[in-house]
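Chain and residue survey
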Amino acid sequence: MASRSADSRTGNGSSPTVDAVSLAIIEQLQEDGRRPYAAIGKAVGLSEAAVRQRVQKLLDQGVMQIVAVTDPLTVGFRRQAMVGINVEGDLDPVAEALSAMAECEYVVMTAGSFDLMVEIVCEDDDHLLETINKRIRAIPGVRSTESFVYLKLKKQTYMWGTR
């Protein structure tokens, strides 16, 4: 599935409304993204067809994605880093440019020491250096960067449910 910008959830710019049944469906899929719709329906009290329709609507609205999550090390990406970025002027063009880069997994506008925080995944240190020095720092408006190289990933989960 193609990546979707978090602000493209609805056509009118507002966040979609998600009811309790849809939240329960999301929790079921967070436990097992390959769980059959019939099993989800049984757990949440809907038919398989109704679950299928709700899942499609949640996907279309950008509320969720169903993806395979990998350990970057096992698929050839030996270097990860979080990069704090300070920007002169409007953040949007810089955030858009970063979002278009394959190495950028997350692009977040923040309040605090940095204007943007970006998680990048690279093949090795040379790729990391090229990404930060030649590509990120070359984006118009980028004033400074600070890199936080990952030495060891202790926890990565997408199981926070829907609280």
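Structure report, in brief. Bear in mind the structure is a predicted one, so any value in this text is a computation, not a measurement. (Residues numbered from 1 in each chain as written. Predicted model: local features only at pLDDT ≥ 70, side-chain atom pairs only at ≥ 80, totals over all residues. Heavy atoms only, no water.)

**Concerning the overall build of the protein**
- The helix and strand tally for the protein stands at 5 helices and 4 strands.
- Shown N-terminal to C-terminal, the secondary structure of the protein runs as helices and strands in the order α-α-α-β-α-β-β-α-β.
- For the protein, the residues scored as buried account for 29% of the 163 residues in total.
- Expressed as a percentage of contacts within the protein between residues at least 6 apart in sequence, the contacts between residues at least 24 apart total 65%. (Helix = DSSP H or I, 4+ residues; strand = E, 2+ residues; numbered from the N terminus. Buried < 20%, exposed > 50% of the residue type's maximum accessible area, 1.4 Å probe, protein only. Contact = heavy atoms within 4.5 Å.)

**Points about helix H2 (residues 37–44)**
- When we look at burial in H2, the residues that qualify are Ile 40, Gly 41 and Val 44. Around the axis of H2, the buried residues are gathered within 100 degrees of arc, so they sit on the same side.
- Close packing links the buried residues of H2 with helix H1 (20–31) and helix H3 (48–60).
- After H2 finishes, the residue Gly 45 shows a positive phi value of roughly 85 degrees. (Arc of directions from axis to C-beta.)

**Some thoughts on the nonpolar core**
- One finds Ile 85, Val 94, Leu 98, Leu 116, Ile 120 and Ile 136 to be the most contacted residues of the largest nonpolar core, which totals 18 residues.
- Broken down by secondary-structure element, the contributors of at least two residues to this core are strand S1 (79–87), helix H4 (91–99), strand S3 (116–122) and helix H5 (125–136).
- By size, the runner-up hydrophobic cluster in this structure holds 10 residues, among which are Leu 29, Ile 40, Leu 58 and Met 64. (Core = buried A, V, L, I, M, F, W, Y, C linked by side-chain atoms within 4.5 Å.)

**Brief notes about the packing of aromatic side chains**
- Taken as a whole, this structure holds 1 aromatic pair when the rule is applied.
- Summarising the aromatic geometry, the rings of Phe 114 and Phe 148 are spaced 6.2 Å apart at their centres and angled 85 degrees between planes, so their arrangement reads as edge-to-face. Separated by 34 residues along the polypeptide, Phe 114 in the loop between strand S2 (104–109) and S3 and Phe 148 in strand S4 (residues 142–149) bring together distant segments of the chain.
- Residue class for Phe 114 comes out buried when judged on its relative accessible area of 14%.
- Here Phe 148 falls in the partly exposed class, since its relative accessible area comes to 35%. (Phe/Tyr/Trp six-rings, centres within 6.5 Å; stacked < 30°, edge-to-face > 60°.)

**Remarks on H3**
- The terminal C-alpha atoms of H3 lie 18 Å apart, and with 13 residues this matches the ideal 18 Å at 1.5 Å per residue to within 8%.
- On its buried face, H3 is in contact with H1 and H2.
- Residue Gly 62 follows H3 closely and has a positive phi angle near 75 degrees. (Expected span 1.5 Å × (residues − 1).)

**Let's talk about the sheet that holds S2**
- In space, the 4 strands of this open sheet follow the order S2-S3-S1-S4, with antiparallel pairing throughout. Single-partner strands in this sheet number two, and they are S2 and S4. Taking the axes of each pair of neighbouring strands and ignoring which way they run, one obtains an average angle of 20 degrees across the sheet.
- Bridge count for S2 against S3 is 5 bridges, and the pairing is antiparallel. Paired with Val 107 across the two strands is Val 118, which belongs to S3.
- Sheet contacts for H4: S1, S2, S3 and S4; angle to S2, the most-contacted strand, approximately 165 degrees.
- Running over the sheet, H5 touches S1, S3 and S4 and is turned about 140 degrees from S3. (Pairing = 2+ DSSP bridges. Axes fitted to C-alpha atoms, helices over the stretch in contact; angles between N-to-C directions.)

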